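Residues per chain, in single letters:
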Amino acid sequence: PVPIQAAQLFDAASGVNVFKRASRDIVAALIDVLGNKDYFIKEYKMILAERLLSKVDDDIDDETRILELLKLRFGANSLRDCEVMLKDMADSKRIVANIRNLARPRGGLGAAGLDRDFSAVILSELFWPPLFEGACTTPEAVDSALQAFGSQYKALKAPRTLHWKPHLGVVDLELCFGDDEEAKEFTVSVAQAMVISQFEQRLTWRANDLAAAAGIAADQVAEKAAIWVNSGILRKRTDKVTREVTYELVEDPAEQQERPNACTRPDLAVMSQEQLMEANMKVYESYVMGMVTNLESLPLQKIHNMLKMFVLEPVYDKTIEELEAFLAKLVNDGKLTFDGIVYRKKKN
């Protein structure tokens, strides 16, 4: 898929010296892969956001240098959103340091659990690519730190307030095993951290119970636990008769064998262009189904015109050919019928 190819080429360019020597060739190759300059910039913005949100340090020098080189080629206006994203990272670092310094003498924020390992990224949301929505349980100590930080931020930046997205956070974990306390270090998402933390309470969990304890949807357990299964920390078992899935902790370090070529990266925070399009199409589908329910039958051009008129968030920007392909999918899914002229809601 295009996003993977683009990410691989961006990775090849991430070494600044390589990028300086062959920036024109690399950018030309990316544009050839992605088709045009606008898609290149959208893809770069998505990859940049993912890298910034997955950082556990404050070093953005490489990203800043690459952006400056791209600005020379495409102009500053084309990459304004990326500039704001980098500025958000620098501003966040300064704000976190200021709040720590303000709170420490009074003991208020420090007492709430905001230590030197706590960090926050404050985003100017309109300039960032769409982020995955989600929810998960966070430990009480983390909740206290978030509330305390938010209160201090509001006092410092009134009338601004923070709206937390803790499911997008990154956690540094050190897991210890065996009598000799052998340690393994991981950088994972909050949901992945919450999954493994449940095994401090007991060694075996049924999948549904694990989802409830970690505060995630039941259908997400396999995805969030995969990093621990692939790393040899958890063992996944499926009952041959009931098909019930259970996870158990592998306590003995000698038994923890990581799968060859296992993917153990944290969850992605940023939606790809394809995922964003799929999410938007779900919104369009609700409008289309409402139209054919109220007006009974509609031709393609009429649906296209009505979507352009009424769908403002997300903005409907599809061609009539793209809409036709989308409606064909709804027909194949058994939601619409098409007689060659008009579309109707399929009757049950």
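Residues numbered from 1 in each chain as written. Predicted model: local features only at pLDDT ≥ 70, side-chain atom pairs only at ≥ 80, totals over all residues. Heavy atoms only, no water.

Draft legend 1. Seen up close, the overall build of the protein chain. Along the backbone of the protein chain there are 13 helices and eight strands. Among the 348 residues that make up the protein chain, the fraction classed as buried is 38%. Long-range pairs, those at least 24 residues apart, make up 62% of the contacts in the protein chain with a sequence separation of at least 6. For the protein chain, the accessible area works out to roughly 20400 Å², and carbon and sulfur atoms hold 50% of it. (Helix = DSSP H or I, 4+ residues; strand = E, 2+ residues; numbered from the N terminus. Buried < 20%, exposed > 50% of the residue type's maximum accessible area, 1.4 Å probe, protein only. Contact = heavy atoms within 4.5 Å. Areas by Shrake-Rupley, 256 points an atom, 1.4 Å probe, with all protein chains shown as cover.)

Draft legend 2. Quick look at the pattern of salt bridges. Overall, the coordinates contain 17 salt bridges when judged by the stated rule. For Glu244, the salt bridge identified is with Arg206, shortest N-O distance 3.6 Å. Here Glu244, found in the loop between β4 (234–238) and β5 (245–249), pairs with Arg206, found in strand β3 (residues 204–206); they are 38 residues apart in sequence, far enough to count as distant. Residue Glu244 is classed as partly exposed on the basis of its relative accessible area of 37%. Its relative accessible area of 42% is what places Arg206 among the partly exposed residues. Between Lys318 and Asp317 there is a salt bridge, and its shortest N-O distance comes to 3.6 Å. (Salt bridge = Lys/Arg side-chain N within 4 Å of Asp/Glu carboxyl O.)

Draft legend 3. Just the packing of aromatic side chains, in detail. One pass over the structure, following the stated rule, counts five aromatic pairs. An angle of 45 degrees between the planes, with centres 5.2 Å apart, marks the rings of Phe40 and Phe74 as tilted. Highlighted residues: Phe40 in helix α3 (residues 37–53) and Phe74 in helix α4 (residues 61–74), separated in sequence by 34 residues. Like Phe74, Phe40 is buried. For the ring pair Phe338 and Tyr343, a centre distance of 4.2 Å and an interplane angle of 15 degrees mean the geometry is stacked. In this structure, Arg202 is placed above the aromatic ring of Trp205, and the distance from its NZ or CZ to the ring centre is 3.6 Å. (Phe/Tyr/Trp six-rings, centres within 6.5 Å; stacked < 30°, edge-to-face > 60°. Lys NZ or Arg CZ within 6 Å of the ring centre and 35° of its normal.)

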